[in-house]
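# Chains, contacts and geometry: an overview
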There are 2 protein chains.
Amino acid sequence: MDNDGKAIEISLSAISSKSLWQTTGRWNNSELFKLKDSKGKQYCLTATCEEDITDLMKNYITSYKDMPITVYQMTRKYRDEIRPRGGLLRGREFLMKDAYSFASNKEDAFATFQKLDDTYNKIFKDLKIPFVSAWADSGDIGGEFSKEFHLIHESGEDTLMSCKHCGDVSTLDMSQSYPEKDGRYMGDVSYKYALTKDHSTLICFYYPKDRQLNWNLALNVMEKDIDPTLRNKPNDHVLEVYQNDNEDIMFSKILRVMDCRLNSKSNFPDFPLKKYLKNNFGQIDDVSIVDAQENEICGKCEEGSLQSFKSIEVGHIFLLGNKYTRPLNVKFVDKENKNDSFVHMGCYGIGVSRLVGAVAELGRDAHGFRWPAIMAPYKVSICTGPNNEESLQRIKQIKSDLLENSTLHLQNDILNQFNEKLGIGAKIKLSHALGIPLCVIVGPKSWPNVEIEARGIRWGKKDQWKKELERRGQDLNWKCTTENEDGIEKHLVPVEHLTEVIDMLLKDM
Amino acid sequence: MDNDGKAIEISLSAISSKSLWQTTGRWNNSELFKLKDSKGKQYCLTATCEEDITDLMKNYITSYKDMPITVYQMTRKYRDEIRPRGGLLRGREFLMKDAYSFASNKEDAFATFQKLDDTYNKIFKDLKIPFVSAWADSGDIGGEFSKEFHLIHESGEDTLMSCKHCGDVSTLDMSQSYPEKDGRYMGDVSYKYALTKDHSTLICFYYPKDRQLNWNLALNVMEKDIDPTLRNKPNDHVLEVYQNDNEDIMFSKILRVMDCRLNSKSNFPDFPLKKYLKNNFGQIDDVSIVDAQENEICGKCEEGSLQSFKSIEVGHIFLLGNKYTRPLNVKFVDKENKNDSFVHMGCYGIGVSRLVGAVAELGRDAHGFRWPAIMAPYKVSICTGPNNEESLQRIKQIKSDLLENSTLHLQNDILNQFNEKLGIGAKIKLSHALGIPLCVIVGPKSWPNVEIEARGIRWGKKDQWKKELERRGQDLNWKCTTENEDGIEKHLVPVEHLTEVIDMLLKDM
């Protein structure tokens, strides 16, 4: 964040005042935890910090010269989730790394968005975990467009659609699709009515009965001009509102929106109105307004076919425009010395505690956790039997060798103190259960060779260690004795080459 | 905390449930921020975590073999302070490092208390800030006894009394004192009535009219057997309650408690009751029940005289006994295989954000902040004029030399990137205002010598650098050109010896 994102670390309070959230229209969000102080003043716990950071930066930004500027923090956030689940996966209190960017024009704002996109990609790559990024809907945060970062996992709550041909990955909300070539729809047609925001136009969405209307795609077809309060109302109610608000029905408008899967042979329902002016009647054809399905044609390239994945969202970045700077009135003096344009914002979040939960979910097996080295509680454990004075001395020596000569520099990188009562087998088991990538076993029999059990999962580059083994195995007298037996791979190496081999093995983990 | 305190790091939620705080009787604390979730369940924001940690550890502790164990965290805490003040000095949200210890017997509990006391002393020493520790009252946290850590500063809200002779330091609450030898009190006497908890005994505290009754000392004289609800009631009201609750006044008891400053020549008020049994009448003489004053005799050694200091409390450690484990029912199986004793606790807090505020207060002067190196945003800044390409190259070289060869290993230890528009004078000023201990000035005139402006405050060992200057100054061609002029000390040194001199100067800072 500091070097690649050119961002400045800050730390905002978890308590925010009602007035700020009222100004941006988010106070009524049902997920906000609200509280009062002893004087009766109302606050919320921050679910996210757009309001607070915009209010803070207002004091720092006066001129275009003060921008672009990006700030970030890693603090706890609070959401009164109706259904918390999966421990760290969805908690009502969680740790988030959130960044906010401020720019004086659209181009700079977009450049910062791209820089942070690159930085987030780098962060997930450095963690050596398997992730994808996907174009996404902006949801409650709002703004111009957004991109999500996901870990693919069958237990995930989200669905991603990816195209084998063009490589586009989108959330289901954003995934446009066309029917398979021979798949034109002949069956019954469902419909959903809506009104434009001014209630002047009745919108009729038509789509195959066996499919799910995708509200976000429908909204986008209408360029967001839909009254959201009618979303969950029955069609009859929408029709009634339309008729009440348009006394002279001859001058009101009707728009039919047809999903691309339909054709003239589809079985349409009766039209809702008995009389209307043909001039006021419009139709949009061939748009994608239902949830995409596996094997349909990608709406982006119109060539490849779509695959679907279950996934866990771990990051989300937004180009916000002036969604927050306009209500909070954050302007600046521009190059022409005018003070009438609003600052352009972006915001960028990684769910840090959720990420830990998601990686735990991805990596775990019957033996316990499996962590990438960078997230593991220790990178290496060193085990021997209890009451074996000679081996305990050897362990101390190995630890100080590692700290001095390997890439492990921190005391906390290495676990060598176990409960004294544990036997060597129990220590190894514990090391594996904790998900420590490498377990070094010092036994009197094999000495001066030591065994390494590699449990670290290889999600990133996978083959570096194999190349090293081929290249240097003989020099170092390093052998891989069992490969991937039940998730644990065994190596035997003379103690004098241990630090080198450990560094090579950790490179992939 | 890990190495010296043998403690395990944890991280508890900032949201705690009402039921826990009700169980320990602390739910009605007016400083708790309270909130409800969407289902109406009540919570508070943790002001401190005795309840939550005790509840958590209950699941881990079953046998005496599981103890002693100490855990700690560094998380935000919340108190609805009526009077927040001084920014970080007293905020409603603050960062606290809190530790909790669990032991199976009093001896182990006390040993842990002492170990943590040592660890906290070491922490404050490592910070190189001037602190004292003082015996203190346990307040709302409760327990057996407690000790506070303070920074001496005239703007502080607390008063400490210290004895020149025995070295005892206590908070005013805990400071017993005797009158100066020739200071026996001849004037009017004030009195304050109280009742024992069972209301069977009227307690009459007598003390000099020009002094302040010290409620905590008074409580301790009575071994805490005082009804606290009558504390702020007028004497007449206390007397009325006493008479109402003791119908047969002949069998009720009266206790007179005389401050040691009084003698028979003091001017006592009339006795409150007309008739009483001499048998039921008691008197405690020669105790200290008023706030101590400077130059009075120390109540501990009864020899030295007392000095008073204003101070800022930054840490507090408590031996809690079973104040929390009893209501939360945390028992364990002891060596005799019995399961009927409660776990012994201790708790240990450092106000991390307050400490930053207090050190800022202590160190600041007309130029800005002055930080100990360990707390400073950067340890060293390197400045030159703008647009001086040659000097900018030199600065890069100096930075990489320092990172490689000095005790500074982190990029963030060194500030060398300033706003490009600033002149050399403005950069130096900014470095001093930020409180960076050392400012290295690279100018074309003095090259290959560089100037160091030392702004770091020397609160710890002060004279190490002077000894080094005497010992090695000539070898290194190192000169101190101005000493402590307006808080800034100047050094001149050839660039090839810069890293050595910086290490020597930082030793004291």
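Only a predicted model underlies this, so the values are computations on that prediction, with no experimental measurement involved.

### Comments concerning the packing of aromatic side chains
As enumerated under the stated definition, the model contains 24 aromatic pairs over all chains in all. Between the aromatic rings of B:Trp135 and B:Phe145, the centroid separation amounts to 5.7 Å while the plane-to-plane angle is 65°, which identifies the pairing as edge-to-face. A residue pair is termed long-range when its members are at least 10 positions apart, and B:Trp135 in strand 7 (residues 131-136) and B:Phe145 in strand 8 (residues 145-152) qualify at 10 residues. A network of ring pairs unites the aromatic residues A:Phe110, A:Phe113, A:Trp135, A:Phe145 and A:Tyr348 as a single cluster. Its guanidinium or amino end placed over the ring of A:Trp27, A:Lys34 lies 4.7 Å from that ring's centre, counting from NZ or CZ. A cation over a ring is seen here: A:Lys147 above A:Trp135, with NZ or CZ 5.1 Å from the ring centre.

### Let's talk about the sheet that holds strand 15 (residues 281-287) of chain B
Each strand in a sheet pairs with another by means of backbone hydrogen bonds, the pair being arranged parallel or else antiparallel. All names here are of chain B. Strand order in the open sheet made by the four strands is 12-13-14-15, with mixed pairing throughout. Edge strands, defined here as strands with exactly one partner in the open sheet, are strand 12 (189-195) and strand 15. In this sheet, adjacent strand axes meet at a mean angle of 20° when their direction is disregarded. For strand 14 (residues 253-259) and strand 15, the ladder comprises five bridges, and the chain directions are parallel. By the bridge assignment, Leu255 is partnered in strand 15 with Gly282. Sheet contacts for helix 5 (residues 235-245): strand 12, strand 13 (201-208) and strand 14; angle to strand 12, the most-contacted strand, approximately 40°.

### What to know about the domain arrangement of chain A
Residue and element names in this part refer to chain A. Partitioning chain A into structural domains gives domain 1 (7-157 + 311-361), domain 2 (178-291) and domain 3 (373-506). Placing the centre of domain 1 and that of domain 3 at their C-alpha centroids yields a distance of 41 Å. Facing eight residues of domain 1, the contacting portion of domain 3 comprises five residues. Buried area between domain 1 and domain 3, summed over both chains or domains, comes out near 580 Å², and the portion from carbon and sulfur atoms is 79%. Looking at the side of domain 1 facing domain 3, the largest losses of area belong to Leu127, Lys128 and Val359, adding up to 60% of the total buried there. The tally of links from domain 1 across to domain 3 stands at zero residue pairs in polar contact (both at pLDDT 80 or more). Here the side of domain 1 that touches domain 3 takes three residues from helix 6 (residues 352-363), the largest share from any one element. Tallied by class, the residues present in the side of domain 1 that touches domain 3 amount to six nonpolar, no polar and two charged.

### Things to note about the interface of chain A and chain B
The partner chain B presents 21 residues to the 21 residues of chain A that form the contact. Both faces considered, chain A and chain B share a buried interface measuring about 1,700 Å² in area, 46% of it formed by carbon and sulfur atoms. Looking only at chain A, the three residues that lose the most surface to chain B are A:Phe33, A:Leu35 and A:Arg76, adding up to 23% of its buried area. Note that A:Asp37 is salt-bridged to B:Arg92, the shortest N-O span being 3.1 Å. Put simply, chain A and chain B have 15 residue pairs in polar contact (both at pLDDT 80 or more) between them. Elements with a contribution of two residues or more to the side of chain A that touches chain B: strand 3 (34-36), strand 4 (42-45) and strand 5 (69-78) of chain A. When grouped by side-chain class, the residues that make up the side of chain A that touches chain B number nine nonpolar, four polar and eight charged.

What counts, and where the lines are drawn
Residues numbered from 1 in each chain as written. Chains lettered and ligands numbered in written order. Predicted model: local features only at pLDDT ≥ 70, side-chain atom pairs only at ≥ 80, totals over all residues. Heavy atoms only, no water. Phe/Tyr/Trp six-rings, centres within 6.5 Å; stacked < 30°, edge-to-face > 60°. Helix = DSSP H or I, 4+ residues; strand = E, 2+ residues; numbered from the N terminus. Lys NZ or Arg CZ within 6 Å of the ring centre and 35° of its normal. Pairing = 2+ DSSP bridges. Axes fitted to C-alpha atoms, helices over the stretch in contact; angles between N-to-C directions. Contact = heavy atoms within 4.5 Å. Domains from an automatic or database assignment. Buried area = accessible area lost by both parts, 1.4 Å probe. Polar contact = N/O pair within 3.5 Å; in protein donor to acceptor, adjacent residues only side chain to side chain. Nonpolar A, V, L, I, M, F, W, Y, C, P; charged D, E, K, R; others polar. Salt bridge = Lys/Arg side-chain N within 4 Å of Asp/Glu carboxyl O.

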